[in-house]
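# Breakdown of the fold
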Amino acid sequence: MGVRLMVVDDHRLLAEALASALKLRGHRVLAAAAPTAGAAELVISRAPEVCLFGTAAPAEPGAFDPITRIGRERPQVAVVVLGPVPDPRGIAAAFAAGAAGYVRHDERIEGVERAMIKARAGEVAVAPQLLRGAFTELLHPVVQPDDEGQRLLRMLTPREVEVLVRVAEGEDTRLIAAGMGIAPSTARTHVQRVLMKLGVGSRLEAAALAARTGLLDRAAGTPRGPGGPPGTRDRPAPPGGGPAVRPRGGGGVL
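Residues numbered from 1 in each chain as written. Predicted model: local features only at pLDDT ≥ 70, side-chain atom pairs only at ≥ 80, totals over all residues. Heavy atoms only, no water.

Per the secondary structure count, the chain includes twelve helices and six strands. Looking at the chain as a whole, 42% of its 254 residues are labelled buried. Once local pairs closer than 6 in sequence are excluded, the contacts in the chain between residues at least 24 apart make up 66%. For the chain, the exposed surface amounts to about 13300 Å²; the carbon and sulfur share of it is 57%. (Helix = DSSP H or I, 4+ residues; strand = E, 2+ residues; numbered from the N terminus. Buried < 20%, exposed > 50% of the residue type's maximum accessible area, 1.4 Å probe, protein only. Contact = heavy atoms within 4.5 Å. Areas by Shrake-Rupley, 256 points an atom, 1.4 Å probe, with all protein chains shown as cover.)

Here we come to helix H3 (residues 65-73). For H3, the complete set of buried residues consists of Pro66, Ile67 and Ile70. Relative to the axis of H3, the buried residues are bounded by an arc of 100° and lie together on one face. Along H3, exposed side chains directed more than 90 degrees from the buried face belong to Asp65 and Arg72. Structurally, H3 contributes buried residues whose contacts are with helix H2 (39-46), strand E3 (50-54), strand E4 (78-83) and helix H4 (88-97). (Arc of directions from axis to C-beta.)

Turning our attention to the nonpolar core. By size, the foremost hydrophobic cluster in this structure holds 25 residues, and its most contacted members are Cys51, Phe53, Phe64, Ile67, Val79, Val81 and Tyr102. Looking at this core element by element, the count peaks at four residues for H2. Not counting the four nearest positions on each side in its chain, Ile67 is found in contact with Phe53, Val79, Val81, Ala97, Gly98 and Ala99. Judged by nonpolar contacts, the second largest core, of 22 residues, contains Val165, Met180, Val194 and Leu195. (Core = buried A, V, L, I, M, F, W, Y, C linked by side-chain atoms within 4.5 Å.)

Here we take up the packing of helix H10 (residues 184-198) against helix H11 (residues 203-213). Between H10 and H11, the shortest axis-to-axis distance is 10 Å and the interhelical angle comes to 55°. Relative to H11, the element H10 is oriented oblique. Note on packing geometry: the crossing formed by H10 with H11 is left-handed. Contacts between H10 and H11 involve Val191, Leu195 and Leu198 from the former and Arg203, Ala206 and Leu209 from the latter. Among the residues forming the contact of H10 with H11, the class breakdown is five nonpolar, no polar and one charged. (Axes fitted to C-alpha atoms, helices over the stretch in contact; angles between N-to-C directions. Parallel < 35°, antiparallel > 145°, perpendicular 65-115°, else oblique. Left-handed = near helix turned anticlockwise from the far one by under 90°. Nonpolar A, V, L, I, M, F, W, Y, C, P; charged D, E, K, R; others polar.)

Taken in spatial order, the six strands make up an open sheet running E2-E1-E3-E4-E5-E6, and their pairing is parallel. Two strands in the sheet have a free side with no partner beyond their single neighbour: strand E2 (28-33) and strand E6 (125-126). With two bridges connecting them, strand E5 (residues 101-104) and E6 associate as parallel partners. Residue pairing for E6: Gly101 is matched across the bridge by Ala125. (Pairing = 2+ DSSP bridges.)

A separate point is the environment of Leu195. Relative to the helices and strands, Leu195 is located in helix H10. Accessibility expressed as a relative area gives 8% for Leu195, which makes it buried. Residues Leu195 and Ala206, eleven residues apart in the sequence, show an inter-C-alpha distance of 6.5 Å.

What follows deals with the pattern of salt bridges. Oppositely charged side chains are able to pair whenever their charged atoms sit close together. Applying the stated criterion across every chain, the model contains nine salt bridges. With its nearest N and O atoms 3.0 Å apart, the salt bridge here joins Glu113 to Arg25. Here Arg25 lies in the loop between helix H1 (12-24) and E2 and Glu113 lies in helix H5 (residues 109-120), a separation of 88 residues in the sequence. Taking relative accessible area as the criterion, Arg25 reaches 37% and is therefore assigned partly exposed. Where Arg166 meets Glu162, a salt bridge forms, and the shortest distance between an N and an O atom there is 2.9 Å. Here Arg166 and its partner Glu162 are both found in helix H8 (residues 158-168), four residues apart, which amounts to about one turn of the helix. Of the residues examined, Arg166 reaches a relative accessible area of 0% and is grouped as buried. Accessibility expressed as a relative area gives 4% for Glu162, which makes it buried. Each of Glu41, Arg69 and Glu73 takes part in a single network of salt bridges with overlapping partners. (Salt bridge = Lys/Arg side-chain N within 4 Å of Asp/Glu carboxyl O.)

See below:
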């Protein structure tokens, strides 16, 4: 007997493709929609047996708020999360919100179908290895004080990371441009983008944020521009073979 279901995903094409595949297998698809942020209203109004809830960021705060609302207003609806290769905390968050199952995005259609049927029957629909990982994370959480630094680092391109490191080291626009082998106007643009992505208003704030979150330590292995690795670029050797001295930048304008 086919399952009466809905498919919601932040990517409409994925939702519609999965819905089409499940229709061909004899299931009744009430709707295929995007994004997941508006899923609760639709599910509550249509009342399917199962909702397939696709998300690309299961560990993000609030990602499963719609599931919590569905569980509160339509407790008979079984929600199965379709997510990426997950952080165990993402799986834990899904079940804490009231999900009946978690299936990886790269699962075959037969696996998705099995999860739907199990969830409709009131069973937990999750691969044993994923469930073990989630329980391990809950019982023995890993302390990660640098999570914020890692998140910020992912927001920046490698070149922007290098710019941030140079800003934190006190380089002005002229020195950044010379050290990276780019035009001053390009260096200025990179600095502006770094400030915008970090949500700060000045170079000083950017440097302070990078230091506070450990972002600079995480960026230590980032390749540098034409000047070579950290500690060697922009340091002309003085006469007589003495130690190289690198000019320091002031608080230059963007």
